[in-house]
Amino acid sequence: MERKDDQLRALQRCFKSIEEPVNMNNSEDADSDLYTNRNRSRSSFDEGSIYISCTRPHSLEDPGKPYSSHSPVIKTGWLDKTPPKGTLIFQKRWVTLDAEFLRYYQNEKEVFSKRFIAISTIAEVLSVGEQKFEVVTKNRTFLFRAENSAVRGEWVAVLKETIQQRSASDAGGDSYGEKQGYLEMNGYRSKLFIVVSADRVFLYMNSEERSQGIGITCIDMNMGSVKSSDTRAFSINTCYKLFSFVAETTQQRDEWVEAMQACIGRSLSSDTVVWSVWVEESNRRCADCGDEDPDWASVNLCVVICKRCAGVHQSLGPSVSKVRSLRMDEKVWTDSLIQVFLQLGNDRSNLFWASNVPPSETIRPSSNSEERQTFIKTKYCQRKYRQYHRLFGRQEDLNKALCKSVQTGDLLETMSLVFCGADVNCPTGDPDVPNPLCIAQNYGRKLQEEFLFHNLNTEFPGVQDVERVIPQAAVSIPHAGILFKIGSTTRAVTERKGKGDFSQRWCILDKGVLKYFDGEKRAHPCGEIKMSDVQCLVVNPLGKHGYLHTFELYQISGRIHLFGADTPDSVQQWIETIAKAIVPPEAERMASWSFERVGRLRYTEGPNPHSPRACWVAAGGSTLLVLFHASDRPESIDLRKLQELCVQPEPGPVVLVDRGRTLRLEGDRRADFPGWVSSLQQGAGGGDGPLDQQQLTGTDVPVIVDRCLGFITQYGLKSEGIYRKAGVQSKVTALLSSLCLDARRVQLTEGDHQVDDVANAVKRFLRNVREGVFGREQASLPWLQTVALSEKSQRISQYQALLASLPPVHRATLGAVINHLYCVQCFAEENKMDAHSLSIVFGPTLFQADGTDKSAGQVVEDLVQHYQAVFDVDAELFKRQIDMISHIIRAKEDQPDEGPLTPRTICGIYLEVKEEGSELLVQVSQTMTAMEVVSEVLRRRTISPQPEDYWSCFLVNDKEDMERPLHYQEQVLPVYFSLDKDCHLLIKKNDYMKTILTCTDGWVNVTRNGHVQFCEEKGQRAKGSFSRRYCVVTATSLEIYKTQKSNHPEKECHLQALKVYCGIRKKLQPPSSWGMTVEWTQDQHEMHRWYLCCESDHELTDWLATFLLLQHNGDLWPGTS
Ligand SMILES: [Zn+2]
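Residues numbered from 1 in each chain as written. Predicted model: local features only at pLDDT ≥ 70, side-chain atom pairs only at ≥ 80, totals over all residues. Heavy atoms only, no water.

It is worth spelling out the packing of aromatic side chains at this point. The geometry of an aromatic ring pair comes down to the distance between the two centres and the angle between the two planes. Enumeration according to the criterion identifies 34 aromatic pairs in this entry. Taking 6.2 Å as the distance between ring centres and 75° as the angle between the ring planes, the aromatic pair formed by tyrosine 104 and phenylalanine 144 counts as edge-to-face. With tyrosine 104 in strand β3 (residues 101-105) and phenylalanine 144 in strand β7 (residues 141-145), this pair connects stretches of sequence that are 40 residues apart. Judged by its relative accessible area of 2%, tyrosine 104 is buried. Every member of this aromatic cluster is reached through a ring pair, and the members are Phe352, Trp353, Tyr380, Phe419 and Phe451. (Phe/Tyr/Trp six-rings, centres within 6.5 Å; stacked < 30°, edge-to-face > 60°. Helix = DSSP H or I, 4+ residues; strand = E, 2+ residues; numbered from the N terminus. Buried < 20%, exposed > 50% of the residue type's maximum accessible area, 1.4 Å probe, protein only.)

As a further point, take empty space enclosed by the protein. Over the atoms, a rolled probe matching the size of one water molecule traces out where space is still vacant. Per the counting criterion, the structure on display carries seven cavities of 30 Å³ or more. In this structure, the second largest cavity spans a volume of roughly 70 Å³. Every residue along the wall of the second largest cavity is listed here: Pro965, Asn990, Tyr992, Met993, Ile996, Val1060, Cys1062, Leu1104 and Leu1108. Listing elements by their share of the lining of the second largest cavity, those giving two or more residues are α32 (991-1000), β42 (1059-1062) and α33 (1097-1111). At three residues, the largest contribution of residues to the lining of the second largest cavity is made by α32. Grouping the amino acids of the lining of the second largest cavity by side-chain chemistry returns eight nonpolar, one polar and no charged. (1 Å grid on protein atoms, 1.4 Å probe; cavity = no way out; pocket = protein on both sides within 12 Å on 5 of 7 lines; lining within 4 Å. Points joined across faces, edges and corners; volume = space filled by probe spheres on them. Nonpolar A, V, L, I, M, F, W, Y, C, P; charged D, E, K, R; others polar.)

Now for the packing of helix α8 (residues 335-353) against helix α11 (residues 411-418). Remark: α8 packs on α11, axes separated minimally by 10 Å, with the N-to-C direction vectors making an angle of 50°. In this view, α8 runs oblique relative to α11, as classed from their interaxial angle. As for the relative orientation of α8 and α11, their crossing is right-handed in sense. Where α8 approaches α11, its residues Val340, Gln343, Leu344, Arg348, Ser349, Leu351, Phe352 and Trp353 are matched on the opposing element by Leu411, Leu412, Met415 and Ser416. For the contact of α8 with α11, the class distribution of residues is eight nonpolar, three polar and one charged. (Axes fitted to C-alpha atoms, helices over the stretch in contact; angles between N-to-C directions. Parallel < 35°, antiparallel > 145°, perpendicular 65-115°, else oblique. Left-handed = near helix turned anticlockwise from the far one by under 90°. Contact = heavy atoms within 4.5 Å.)

This part takes up the coordination of the zinc ion. Those protein atoms acting as donors to the zinc ion are Cys286 (SG), Cys289 (SG), Cys306 (SG) and Cys309 (SG), and they sit at 2.2 to 2.3 Å. For the zinc ion, the four donor atoms are set out with angles of 102 to 115° between them, so the coordination reads as tetrahedral. Written as a sequence motif, the donor arrangement for the zinc ion is C-x2-C-x16-C-x2-C. One end of the pair, cysteine 289, is in the loop between α6 (271-278) and β16 (296-298); the other, cysteine 306, is in the loop between β17 (303-305) and α7 (307-315), and 17 residues separate them in sequence. (Donors = N, O, S within 2.8 Å, 3.2 Å for Na, K, Ca; no water. Tetrahedral: all angles 85-135°; square planar, octahedral: opposite > 155°, others 65-115°.)

This part takes up the nonpolar core. Judged by nonpolar contacts, the single largest core of 65 residues is most densely connected at Tyr723, Trp783 and Leu814. With nine residues, helix α24 (residues 808-826) is the single largest residue contributor to this core. Apart from the residues within four sequence positions on either side, tyrosine 723 is in contact with Leu709, Ile712, Ala759, Val762, Lys763, His820, Val824, Leu838, Val841 and Phe842. (Core = buried A, V, L, I, M, F, W, Y, C linked by side-chain atoms within 4.5 Å.)

What follows covers the sheet that holds strand β18 (residues 323-325). A sheet is described by the order of its strands in space; here three strands give the open sequence β17-β16-β18, paired in antiparallel fashion. With partners counted over all chains shown, the strands left at the sheet margins are β17 and β18, one partner each. Averaged over all pairs of adjacent strands, the angle between strand axes in this sheet comes to 30°, irrespective of strand direction. Where β16 and β18 come together, three bridges link them in antiparallel fashion. Each residue of the ladder has a partner; that of alanine 297, found in β18, is arginine 324. Relative to the sheet, α8 contacts β16 and β17, its axis offset from that of β17 by approximately 90°. (Pairing = 2+ DSSP bridges.)

Below is the structure:
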């Protein structure tokens, strides 16, 4: 409540402060003003600009605090400006620059600009003559003149820097809620092009200007209100100025009003962060100059700062200070980041940062920009005023202290350590928790984690510190040589560049910076690229440009550099050296790998994604290497085996499902992202490539083959003449081409597809696939020659040898096909296709031959007849498979014509007990939840569930004597795929549920502690026997203490990572029969099992209830939360 009042007060204050209140109903003043000034501007020289007179009321005195709160102002000043079609008469203009726009105003009191130029559209800034400079955009050039050449130099430098630093990820998140179109604006003859975007309204002369990034002004709606007046008119009233518009129809008017009101809503809602952070009183004054109500912050230095100080911070670059708005950058402001700012707060942060500021060096809100700059640089770059940590200068001790500190709640200590030289990435020596970030995570110290996260790439002054942020390899050996280079661009180079487009450059990569020179002897480089600013390195296909070998560097700032040379060795060396310099040491394996591209992306994971984290990714062929956040080595993903690859429209993420795990990769709207997307798509396989470039199943069989054979197994085994009969040609062709396009997307269903069409599609695929199943012609000869051997046993061992020499995908494919044919001929009585008939069809198909050579058929017949021997098939497994097929066929006959079913996997699930006859084969789709599977099983067995039965699906592990009820919303398929041989799924009444729901009814504070008997297993080793421990479950973690009095937990893990089972392996001889097993996996590798044993049934239920309630936010059963 208090916050709302505060907000209200702030608004009132703003409105009251206007000396002459704006009359909402009478817009005459404002309009006539605009009108006369328009005439004035016509007679003056600012082509295409209008003059919206509106100066800041005196009582809102703060000339340095411009109205917009989007980006901090980096530079302001008076400049002369000519109109683009340049007469020589200059106009004095007040010019401001922030990260988004260069704007100019009639004078320094104006709130609304005459013109703005989006930084993103500025291609170049050029010095002209002595005092002048040109700002060049794609369509126009703006000429400015400064007072003298020194001022000109400052502007050019700061503009260039701003353009460089304007990272694509920070730019224009203005895509939502957009409405645009032409509107009459009162008192102005031609219509203006108006764009409602996020929380601002932009005014352009016309739509071309919009696309060119050049406009008149923009209205921040956080201080605006929108009113409809007569039928088609409406107005935006800001506390400075009334804008009156007329739409074409009343309906359109209403649409505009609605859009603008939503815009105000957005601007106000974005105030929640600022008000949360201001709850800490000291955050209401700028940490640097003391100005009131600062709404910017440096998220790594942990200070809340005013807009003008933020401008200086931003000029230091993100490796020193990561500047974020408290109003606009909502996404960064996670709960834990806000908590960090509440815990530290400006006062406490300044205990460290400003413990020792000489009074002569302090700055005030009124300090000029030079004083401000000097102070801020001294404070955060040189760190002159900081409170020195007692361990300062003792690197090892600092690191050790950091590892300790991140386990505690003392953020200030961590901050002090980090900014006194402790290494955020220091190795701990413990592979389980390789760095401080992992320690913080392990201890559930979210705030520490947040702080470390924002400082992972913070640059530290001093030589030894520079070496730390740059991978060692790059530092130790400078690399130099000749490359050919194209002038940098901001757009991906799609057209072919001839050799003539390149210029020869002498390049040196040293200490993390790539400098390029006109010639070897030159003292000053033509340009340089910081390796820490490279987000992507792309190796182009051979001959894409005039030089045979080319590669591209994409900078975070949006610049793209294209290099090339004809000598493969030197280019390869450059690529590897650069890659080593851009990736962190943990990802070095990527650098020496033959990647096509390597770079930084962001990712989220799992069903409840966290906020995006940075990861390093390298792509090459069908392999993707990913170094996830806080991981110590890259993981490899086989793109051909993804269960799903889904590309959302730009700038949406690419969704990958790999071994049941969902991964979303994001790249914002960056120039390099489309390249990543096509790399992923190509890597995922399909099309007309050979077998090993197809989409693959987990067992290396092409998805096309697997899908088709599976369909025939399900629906075609009893179809007469299967594989011999022809399908409908047009349907076969259409089906095959959609399978080749993206086999995983094709859902073969009984209603839509005929068995003969599917059979012919797979035959045609095998007949035409590049290089065939047996390899090229030469490779298939030994197979054909084998039939000449008269001894059966000789032939079998010859086939076995040949099989072993096939590449894995070919071997698996052949195995799948022969296995399938074996099954087909088992039903020869019905389908009239015995092994011989099948081999007449499949001989020429698999050998891609015309059928004249009979030995092709003979080989296939041999393989089918001796399937088990040649392929060394486990008899037990094989029997199970045949049984399963019979099951399927019977099940299908039991319930005919259910209509087409959605894609699914057939899962064997037991009902009530695991025994012969109690297994049901249930068709489970990707998204089916435990609850849905349960009701399907009950429906099939005509069991009508009673309210208090709580039928649930359990994961039962026979070897461990434990079971886990799946949460009713848990997806079944991932669980099914992860089952190992001692596990099965069982559906039965959930006895715990009733007790849990009764006993927890009315629980308020769901945490728990108490004594248990504890025993641990890590990896495969059980560690000793049970002993008494004190166990604490908090909202986020499970902690084990040696005794109730211990200060630090002996062991700890995240609650959400736990899988809680009832029961304990009997072999461990648990001290009572009321036990549970808690399982969690560290870094996706090592599995931990903790065994907790209680003294009574009642206690066990309480513990279980606590875990489940916390893990599922109290939602344990539909309708009871
Ligand atoms: Zn300040």
